[in-house]
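Descriptive analysis of the structure
Spelled out from the first residue to the last, the chains are:
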4 protein chains.
Amino acid sequence: KNKARLLIHCPDQPGIVSAVSEFLYQQGANIIESNQYTTDPAGGEFFMRLVFEAEQLPAIKEELEKNFQAIAQSFQMDWRLSYVYQIKRMAIFVSKELHCLRELLWEWQSGDLIADIPLVISNHEDAREIVESLGIPFYHIPANKDIRKQVEAKQLELLKEFDIDVIVLARYMQILTPDFVAANRNKIINIHHSFLPAFVGANPYERAYQRGVKLIGATSHFVTDELDEGPIIEQDISRVDHRDNSQAMKKIGQSIERSVLARAVKWQLEDRIIVHQNKTIVF
Amino acid sequence: KNKARLLIHCPDQPGIVSAVSEFLYQQGANIIESNQYTTDPAGGEFFMRLVFEAEQLPAIKEELEKNFQAIAQSFQMDWRLSYVYQIKRMAIFVSKELHCLRELLWEWQSGDLIADIPLVISNHEDAREIVESLGIPFYHIPANKDIRKQVEAKQLELLKEFDIDVIVLARYMQILTPDFVAANRNKIINIHHSFLPAFVGANPYERAYQRGVKLIGATSHFVTDELDEGPIIEQDISRVDHRDNSQAMKKIGQSIERSVLARAVKWQLEDRIIVHQNKTIVF
Amino acid sequence: KNKARLLIHCPDQPGIVSAVSEFLYQQGANIIESNQYTTDPAGGEFFMRLVFEAEQLPAIKEELEKNFQAIAQSFQMDWRLSYVYQIKRMAIFVSKELHCLRELLWEWQSGDLIADIPLVISNHEDAREIVESLGIPFYHIPANKDIRKQVEAKQLELLKEFDIDVIVLARYMQILTPDFVAANRNKIINIHHSFLPAFVGANPYERAYQRGVKLIGATSHFVTDELDEGPIIEQDISRVDHRDNSQAMKKIGQSIERSVLARAVKWQLEDRIIVHQNKTIVF
Amino acid sequence: KNKARLLIHCPDQPGIVSAVSEFLYQQGANIIESNQYTTDPAGGEFFMRLVFEAEQLPAIKEELEKNFQAIAQSFQMDWRLSYVYQIKRMAIFVSKELHCLRELLWEWQSGDLIADIPLVISNHEDAREIVESLGIPFYHIPANKDIRKQVEAKQLELLKEFDIDVIVLARYMQILTPDFVAANRNKIINIHHSFLPAFVGANPYERAYQRGVKLIGATSHFVTDELDEGPIIEQDISRVDHRDNSQAMKKIGQSIERSVLARAVKWQLEDRIIVHQNKTIVF
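Residues numbered from 1 in each chain as written. Chains lettered and ligands numbered in written order. Predicted model: local features only at pLDDT ≥ 70, side-chain atom pairs only at ≥ 80, totals over all residues. Heavy atoms only, no water.

Turning to the overall build of chain A, a few remarks are in order. Helix and strand counts for chain A come out as 8 helices and 13 strands. Against the 2.2 N^0.38 benchmark of 19 Å for 283 residues, chain A shows a C-alpha radius of gyration of 21 Å, consistent with a compact globule. Projected onto its principal axes, the C-alpha positions of chain A cover 60 × 40 × 35 Å. Split into buried and exposed, the 283 residues of chain A put 57% on the buried side. Sequence separation of 24 or more characterises 67% of the internal contacts of chain A that already satisfy a separation of 6 or more. Summing over all exposed atoms, chain A offers an accessible surface of approximately 11,800 Å²; the carbon and sulfur share of this is 46%. For chain A, the centre of its 32 positive side-chain charges and the centre of its 39 negative side-chain charges are spaced 5 Å apart. (Helix = DSSP H or I, 4+ residues; strand = E, 2+ residues; numbered from the N terminus. Rg over C-alpha atoms; globule rule 2.2 N^0.38 Å. Buried < 20%, exposed > 50% of the residue type's maximum accessible area, 1.4 Å probe, protein only. Contact = heavy atoms within 4.5 Å. Areas by Shrake-Rupley, 256 points an atom, 1.4 Å probe, with all protein chains shown as cover. Lys, Arg positive; Asp, Glu negative; His and termini not counted. Charge placed at Lys NZ, Arg CZ, Asp CG, Glu CD.)

Turning our attention to the relation of the copies chain C and chain D. Its rotation angle being 180°, the transformation that places chain C on chain D also includes 0.0 Å of axial translation and leaves an RMSD of 0.0 Å. On this basis, the relationship between the two copies can be described by a two-fold rotation axis. A symmetric contact is evident, with 100% of the interface residues of chain C recurring at the interface of chain D. (Least-squares fit on C-alpha atoms with pLDDT ≥ 70 in both.)

All names here are of chain A. When the terminal C-alpha atoms of helix H2 (residues 57-74) are compared, their 25 Å separation across 18 residues agrees well with the 26 Å that a helix rising 1.5 Å per residue should span. Largest kink in H2: about 30°, centred on Glu63. Those residues of H2 that fall on the buried side of the exposure criterion are Leu57, Lys61, Leu64, Phe68, Ile71 and Ala72. Turning to H2, the residues buried within the fold contact strand S1 (3-11), helix H1 (16-26), strand S3 (45-53) and strand S4 (78-83). (Expected span 1.5 Å × (residues − 1). Bend = angle between axes of the 7 residues up to and from the residue.)

This brings us to the sheet that holds strand S6 (residues 116-122) of chain C. Strand-to-strand pairing in sheets goes through backbone hydrogen bonds, with the strands running parallel or antiparallel. Residues and elements named next belong to chain C. Pairing is mixed across the open sheet formed by 7 strands, whose spatial order is S7-S6-S5-S8-S9-S10-S11. The strands lining the two open edges of the sheet, one partner per strand, are strand S7 (138-140) and strand S11 (232-239). Each strand axis lies, on average, 15° off the axis of its neighbour in the sheet, ignoring direction. Summarising the sheet, strand S5 (residues 89-94) and strand S8 (residues 166-169) pair through 4 bridges and their orientation is parallel. Each bridged residue has a counterpart across the sheet, and for Phe93 the counterpart in S8 is Leu169. (Pairing = 2+ DSSP bridges. Axes fitted to C-alpha atoms, helices over the stretch in contact; angles between N-to-C directions.)

The next thing to look at is the side chain of Ser246 of chain A. Of note, Ser246 of chain A is situated in helix H8 (residues 246-269). For Ser246 of chain A, the contacting residues outside a window of four places in its chain are Tyr205, Glu206 and Tyr209 of chain A.

Here we come to the interface of chain A and chain D. Taken together, the contact pairs 32 residues of chain A with 32 residues of chain D. When chain A packs against chain D, the two sides together hide about 2,700 Å² of surface, and 53% of this comes from carbon and sulfur. Across the chain A-chain D interface, the total number found is 6 salt bridges. For Asp236 of chain D, the salt bridge is made with Arg239 of chain A, and the minimal N-O distance between the two is 3.6 Å. On the surface where chain A and chain D come into contact, there are 22 residue pairs in polar contact (both at pLDDT 80 or more). (Buried area = accessible area lost by both parts, 1.4 Å probe. Salt bridge = Lys/Arg side-chain N within 4 Å of Asp/Glu carboxyl O. Polar contact = N/O pair within 3.5 Å; in protein donor to acceptor, adjacent residues only side chain to side chain.)

Right, let's get into the interface of chain C and chain D. Counting residues at the interface gives 18 residues for chain C, matched by 18 residues for chain D. For the pair chain C and chain D, the summed buried surface comes to about 1,600 Å²; carbon and sulfur atoms form 52% of the total. When the area that chain C buries against chain D is broken down by residue, the three leading residues are Ser18, Asn30 and Gln36 of chain C, summing to 28%. Counting across the interface, chain C meets chain D through 0 salt bridges. On inspection of chain C and its partner chain D, the count reaches 3 residue pairs in polar contact (both at pLDDT 80 or more). Elements supplying a minimum of two residues to the side of chain C that touches chain D: helix H1 (16-26) and strand S2 (30-38) of chain C. It is S2 of chain C that contributes the most residues to the side of chain C that touches chain D, 8 residues altogether. Grouping the amino acids of the side of chain C that touches chain D by side-chain chemistry returns 6 nonpolar, 9 polar and 3 charged. (Nonpolar A, V, L, I, M, F, W, Y, C, P; charged D, E, K, R; others polar.)

Our next topic: the domain arrangement of chain A. Residues and elements named next belong to chain A. Annotation of chain A at the domain level lists domain 1 (3-83) and domain 2 (89-282). For domain 1 versus domain 2, the separation of C-alpha centres amounts to 31 Å. With 12 residues of domain 1 in contact, the opposing surface of domain 2 contributes 8 residues. Note on domain 1 versus domain 2: buried area summed over both sides is about 850 Å², and carbon and sulfur give 55% of it. If you look at where domain 1 meets domain 2, you find 2 salt bridges. Salt-bridge contacts for Asp271 lead to Arg80; the nearest nitrogen and oxygen are separated by 3.4 Å. The interface formed by domain 1 and domain 2 includes 6 residue pairs in polar contact (both at pLDDT 80 or more). Of the residues contributing to the side of domain 1 that touches domain 2, the split by class is 5 nonpolar, 2 polar and 5 charged. (Domains from an automatic or database assignment.)

Turning next to the pattern of salt bridges. Inspection of every chain in the model, using the stated rule, returns 92 salt bridges over all chains. Where Arg49 of chain B meets Glu33 of chain B, a salt bridge forms, and the shortest distance between an N and an O atom there is 3.5 Å. Here Glu33 of chain B lies in strand S2 (residues 30-38) and Arg49 of chain B lies in strand S3 (residues 45-53), a separation of 16 residues in the sequence. By relative accessible area, which is 2% here, Arg49 of chain B ends up buried. Salt bridges sharing partners connect three or more residues here, namely Glu103, Glu107 and Arg258 of chain A together with Glu103, Glu107 and Arg258 of chain C.

Moving on, we come to the environment of Arg89 of chain A. All names here are of chain A. Of note, Arg89 is situated in strand S5 (residues 89-94). What Arg89 contacts, discounting residues up to four positions off in sequence, is Asp116, Pro118, Phe162, Asp163, Ile164, Asp165 and Val166. Side-chain polar atoms of Arg89 contact the backbone oxygen of Phe162, separated by 2.8 Å. A polar side-chain atom of Arg89 sits 3.5 Å from the main-chain carbonyl oxygen of Asp163.

What follows concerns the packing of aromatic side chains. Aromatic ring pairs are described here by two measures, namely the spacing of the ring centres and the angle between the planes. Applying the stated criterion across every chain yields a total of 32 aromatic pairs over all chains. Here the aromatic rings of Trp106 of chain A and Trp106 of chain C are separated by 5.3 Å at their centres, their planes lie at 40°, and the arrangement is tilted. Note that Trp106 of chain A is positioned in helix H3 (residues 99-109) and Trp106 of chain C in helix H3 (residues 99-109), a pairing that runs across two chains. Residue Trp106 of chain A is classed as buried on the basis of its relative accessible area, which comes to 8%. Among the aromatic side chains, those forming a connected cluster through ring pairs are Phe23, Phe68 and Trp79 of chain A. (Phe/Tyr/Trp six-rings, centres within 6.5 Å; stacked < 30°, edge-to-face > 60°.)

Residue and element names in this part refer to chain D. Strands sit in the order S7-S6-S5-S8-S9-S10-S11 across an open sheet of 7 strands; the sheet is mixed. Edge strands, defined here as strands with exactly one partner in the open sheet, are strand S7 (138-140) and strand S11 (232-239). Across this sheet, the average inter-strand angle for adjacent strands is 15°, counted without regard to direction. Bridging between strand S6 (residues 116-122) and S7 involves 3 bridges; their strand directions are parallel. Within S7, the residue paired with Ile121 across the bridge is Tyr139. Of the strands in this sheet, strand S5 (89-94), S6, strand S8 (166-169) and strand S9 (188-192) touch helix H3 (residues 99-109), which is tilted by about 155° from S5.

Written out as structure tokens, the structure is:
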């Protein structure tokens, strides 16, 4: 395809939209979608996502990027250009609960998640059958606190070997080290089974039941060094009542986890997310 | 204030965003918000809403509009410029049920609906007290099918006298004639107490109860000649179950009607709505 | 297990709850759940669902039923006793779109839908692989308007052979004859891809798009002779906006269809639904 | 009216429903609604709410209660009988933000909240006009940390003088002392402007904005000594996105606060809530 997505972040000032759209017009590109957000028109931060189409895009790609440098510099832009024809490569990490993995594979099969999935990594064998039945290589890497370093070394090697762009923790119940996180900044999407910041940490459904909440939820977020404190991408909730014990909450919650994680991954694959100061702008 | 909103509709083609943003930049205007939508990048319809800020806007307004003509013509634009400092003038029509009127007045009092309300018109006396207690003139114009023409003549006169921009039918239970509608095209916002197109016409809650639906809803839309067939602006629903008879549905529904109408009116006052082929684009 | 569910429907009058609960107590049964609803305490219809537990239930089942006859007669009850240990037998009909089938099979695999699934019937081959991979017999019975009678004869034979209690139309796009429906009264659950009564019939997403609705939905209902007019079991909706064309609505809608149908089927398997005058009471 | 509501809590064991319904039948009462819940059929806690109708209820009230004692004792019941003709008496506490007060008064005026409101208490003058315009006495009692004891002494005196059953903190921004709470156990309903347990304490919208959540919410709960830790009655949420700053969240949140508090108060007035171990059972 001849489509690309341009993500921009810079200090706000007059003339940004004009300069960028003029540039794209000069390059023969047609803007299809455009979203912008500014934290404050006077002295704030400016964010924009543009989708454009240009004939022979793969051929003119390099020149386009080179030419854009001048504009980018004059406005002090952080920017990123993604080409729709360059399919993103996604690795999925999973443990024993497979509902999130299944949802992702399903959406992938039906063409709703546009990505290559070169591998699935798990610390258990439970997911092997479903993964391999779809022709995806499955790597069983047992893990626990004591061997974390070795485990992550193997994982990082695989991620590198397969040139992975997005890592999805589809209920992977292991904590990652700061080194692993640092090596994959804003690349790791986790699903936490509570509406954060409520019930950070272990056993959120049990604790939700103990607290007697009337809503339970799920949160997908980028992983940072602080457990469950990374930038939130998407959240949703479902109603529960006094008849729902923690087991029932878990069942209800699984359905929310599935859809919340699938939405977050989809947005990441479509380059809709910009991280800024531990928050996300989702265009 | 120095803010204005520019709404554009034209055939899609490359260069629109560039031309418009370049123009605004030349005029010293800073784009604060921008939304666009195209039905099809190749040969479709293009829609855009821009909010911009310019110093001394009231002073340069006329020249700005004149200068924009050239661009507008070259792209065959339908366009509209609204100035935030020109507060819109809103008339509310109501009958005996006051919940929607109350919600609007409440939002208006608390500053969430930015409008002048020079008058409320009703075919009953029920709303007089609440309206006059806020210092708003109240006009009681009895109405029924047989005197529709005379009634509307009086109403049109008042609308003209008070220079009204937006007419809100806040549960005004009279049908308007094609003449009245034609004189106020895309200016009249109605609230219908069902999720259209279900239950067009009278007694939607009673019919919802008879049909045994598990959801009831409300729809705000622009009024056209076809009853309840105008462009939908906003809809919402609430759950009901077998214990809710039509009376209970009515109570539950009133809360949806209030919020759905208030949102639609707010969007209209903020120039967020473009009507196209019996649908709305809401930016 | 020693659990059973008792569904009752009779004219309302004082003493029903007392008589039934006294009876169960005498039989050594402990009431675990109880729900009741009356359309009108004075001269209305009374509905109740009780879940009870009794030791050695399979052994005392027949006597229990015989003894209950006296009470049932004195209150003119319609009633039904289901035993949790008698797993219901469910047939799934499907065409080419598999998302609803998949959801049901998934919930079934994970133990959320307690049923036996002795067969899946389809007029296409698309579902064969997924169905047979789970060890469920798959019957391909091509169908069209002209051979409806012969097709249904085969289907009815299979339903009889496999002693089917519940028929789920998981996006089976054929219309059933009155004879087929009559032979399976209140046994056939369909999923319609709109929030009924809006968009009865074909192509609801296309028509929803044309109408410009801001919500789309799905409805599960029992099948009757009137197309899409049977008793509604469950409905849900999702927001859409002007950017969603009918294709996008279809994608969004599939997720609603999945969950709405799965809930309806679950409730039917748990004997939670009583049909009364083309409506459902869902306890 | 001849209606009453019976709330029961006792250890679960066979025969409770039978004994209670048999008793009511003997007394000539007709059960209109019935809900029950058990934490565990074997050795758990049993909860029930019954609504019944009996002729001449005010006249037979005392004997009914006396006769019920025997059953209550044999099953070790906590129980409460409320008579619909004895309208509950509700005091509202408010500070400067009036949206929750307004919603309650509105629902009260339109007959949706059945209660007497003998007084509104505030530490500010803002609410005086709206309260007195409805003929409700308004008490201005300035409050701050240093004079908490004296303030509460005055408040308790008023509550006693007016024989108050329900105290609603409709955004009353003062912390109550353990003595005040102890004197009104399970009688004080608060609205907190977050989905608890997220954002306990001050400035929840500001903190929600800082954390970058995609949902904001409100929680109504009974007040206990632990700040924002009391039994949750009702919660709801609304979506926000990156464009919503804390001010926008506050506006959106006010609408949730209004409906969540109104529902909780309604349920309390209808005797639908049983508190058990810092949780609520809401029938």
